[in-house]
Amino acid sequence: MRQSRNGIPAYQRIQSVISKHIEAGRLKPGDAVDSERELARIHGVSLMTARHALTELEREGAVTRRRGAGTFVAPPKIHFNKLMSYTEQMASRSLSVSSRVLSFRVIDTEQEIAARLALPAGSRFIKLERVRLGANEPFALETCYLSAEEFAGLTHASLERGSLFSVLEHDYGLEISHADEEIDTTTADPHTARLLAIPHELPLLRIRQVIYSSKGKATIYVLGLYRSDRHTLLIRRYR
């Protein structure tokens with residue numbers, strides 16, 4: 001395979017150039033990427049090498065290729081590779097973030113939540129349901145539960161100042177340590193599909209998350225439904 005002067009394969013050099021254009025905003029989601037023939041001409045490589053570069057970019061989720069139409073910059077995906085608030089995740093991808101609160105209320109009938117947070121049955125919880133948006137597009141539906149006693153005073157208005165994580169950290173001194181997560185897939189029911197502006201029965205990532213404080217206390221339970229076309233999971237395994 002042809003290589004550049006510094007020993008990097010030519011397809012990787014092309015891949016890097018296109019990736020840098022996307023990261024710098026010179027190529028935006030939906031923009032057309034040069035064709036294989038044009039890339040081959042610009043970079044002085046074979047069509048096979050240019051095709052390999054686009055294939056790798058497609059595999060990474062950076063572009064989408066449409067038969068008969070061309071190659072286009074893909075909508076950005078959120079990568080779940082660190083415990084961050086959704087606001088922080090969006091910021092890491094240079095996306096503006098906002099939330100639409102569907103409900104904010106206190107409940108006392110969720111025995112499963114009490115068990116997950118190691119609290120007595122009948123405990124009172126704040127239940128927060130939000131649609132999370134990136135660049136004004138709905139990306140996820142999240143339902144958060146936390147102790148109404150421990151976080152007394154938390155209001156709908158207080159969440160408008162920032163992310164839930166930042167409010168709990170600054171107003172309640174909570175230090176978030178880690179999370180245990182259960183991940184599977186489901187399909188969007190009509191209600192969820194309508195909220196996320198997606199087709200009915202589109203696959204969703206479902207993540208059940210118990211978030212712990214630095215003291216080892218289960219503090220927040222989150223049930224999240226995430227659009228599979230806007231999120232990926234990055235997993236590193238060791239042996």
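Going by the structure above, here's the rest.
Residues numbered from 1 in each chain as written. Predicted model: local features only at pLDDT ≥ 70, side-chain atom pairs only at ≥ 80, totals over all residues. Heavy atoms only, no water.

Student: Account for the overall build of the chain, naming residues and giving values.
Tutor: Tallying secondary structure elements over the chain gives seven helices and 11 strands in all. When each of the 239 residues of the chain is scored for burial, the buried share is 39%. (Helix = DSSP H or I, 4+ residues; strand = E, 2+ residues; numbered from the N terminus. Buried < 20%, exposed > 50% of the residue type's maximum accessible area, 1.4 Å probe, protein only.)

Student: Run through the sheet that holds strand β3 (residues 70–73), naming residues and quoting values.
Tutor: The antiparallel open sheet is built from three strands, whose spatial order is β1-β3-β2. Edge strands, defined here as strands with exactly one partner in the open sheet, are β1 (32–33) and β2 (63–66). Along the sheet, helix α3 (residues 47–59) contacts β1, β2 and β3; its crossing angle with β2, the most-contacted strand, is approximately 115°. (Pairing = 2+ DSSP bridges. Contact = heavy atoms within 4.5 Å. Axes fitted to C-alpha atoms, helices over the stretch in contact; angles between N-to-C directions.)

Student: An account of the nonpolar core is needed here, citing residue identities and associated values.
Tutor: One finds Leu-154, Leu-168 and Ile-220 to be the most contacted residues of the largest nonpolar core, which totals 16 residues. In terms of residue count, the dominant contributor to this core is helix α6 (residues 164–172) (four residues). In this structure, Val-33, Leu-39, Ala-40 and Val-73 belong to the second largest nonpolar core, which totals 15 residues. (Core = buried A, V, L, I, M, F, W, Y, C linked by side-chain atoms within 4.5 Å.)

Student: I'd like to hear about the sheet that holds strand β6 (residues 125–134), residue by residue, with values.
Tutor: The strand order β5-β6-β7-β10-β9-β8 describes an open sheet built from six strands, whose pairing is antiparallel. Each having just a single partner strand, β5 (97–107) and β8 (176–187) make up the two edges of the open sheet. Strand after strand, the sheet turns through a mean of 15° between neighbouring axes, direction not considered. Where β6 meets strand β7 (residues 137–147), 10 bridges bridge the pair, whose relative direction is antiparallel.

Student: Help me get a handle on α6, residues and values and all.
Tutor: Taken as a whole, α6 has its buried residues at Leu-164, Phe-165, Val-167 and Leu-168. Along α6, the residues classed as buried sweep out an arc of 165° about the axis, all on the same side. Buried-residue contacts for α6 involve β6, β7, β8, β9 (203–213) and β10 (218–227). (Arc of directions from axis to C-beta.)

Student: Quick rundown of the pattern of salt bridges? Include the residues and the values.
Tutor: Summed over all chains, the structure comprises 12 salt bridges. For Glu-112, the salt bridge goes to Arg-116, with nearest N and O atoms at 3.1 Å. On the criterion of helical spacing, the pair formed by Glu-112 and Arg-116 is a turn pair, its members being four residues apart in helix α5 (residues 111–116). Judged by relative accessible area, which is 46%, Glu-112 ranks as partly exposed. (Salt bridge = Lys/Arg side-chain N within 4 Å of Asp/Glu carboxyl O.)

Student: Describe the packing of helix α2 (residues 36–43) against α3, listing the residues and the values that go with them.
Tutor: Angle between the axes and distance between the axes are the two parameters that describe a pair of packed helices. Running from N to C, α2 and α3 point in directions that differ by 115°, and their axes come no closer than 8 Å. Relative to α3, α2 is oriented roughly perpendicular. With respect to the hand of their crossing, α2 and α3 are arranged in right-handed fashion. Of α3, the residues touching α2 (which contributes Glu-36, Arg-37, Leu-39 and Ala-40) are Leu-47, Ala-50, Arg-51 and Leu-54. Here the contact of α2 with α3 is composed, by residue class, of five nonpolar, no polar and three charged. (Parallel < 35°, antiparallel > 145°, perpendicular 65-115°, else oblique. Left-handed = near helix turned anticlockwise from the far one by under 90°. Nonpolar A, V, L, I, M, F, W, Y, C, P; charged D, E, K, R; others polar.)

Student: Just give me the short version of α3, but keep the residues and values in it.
Tutor: An ideal rise of 1.5 Å per residue puts 18 Å on 13 residues; α3 measures up with 18 Å between its terminal C-alpha atoms. Elements in contact with the buried residues of α3: α1 (10–23), β1, α2, β2 and β3. The positive-phi residue at the C-terminal boundary of α3 is Gly-61, with phi of around 85°. (Expected span 1.5 Å × (residues − 1).)

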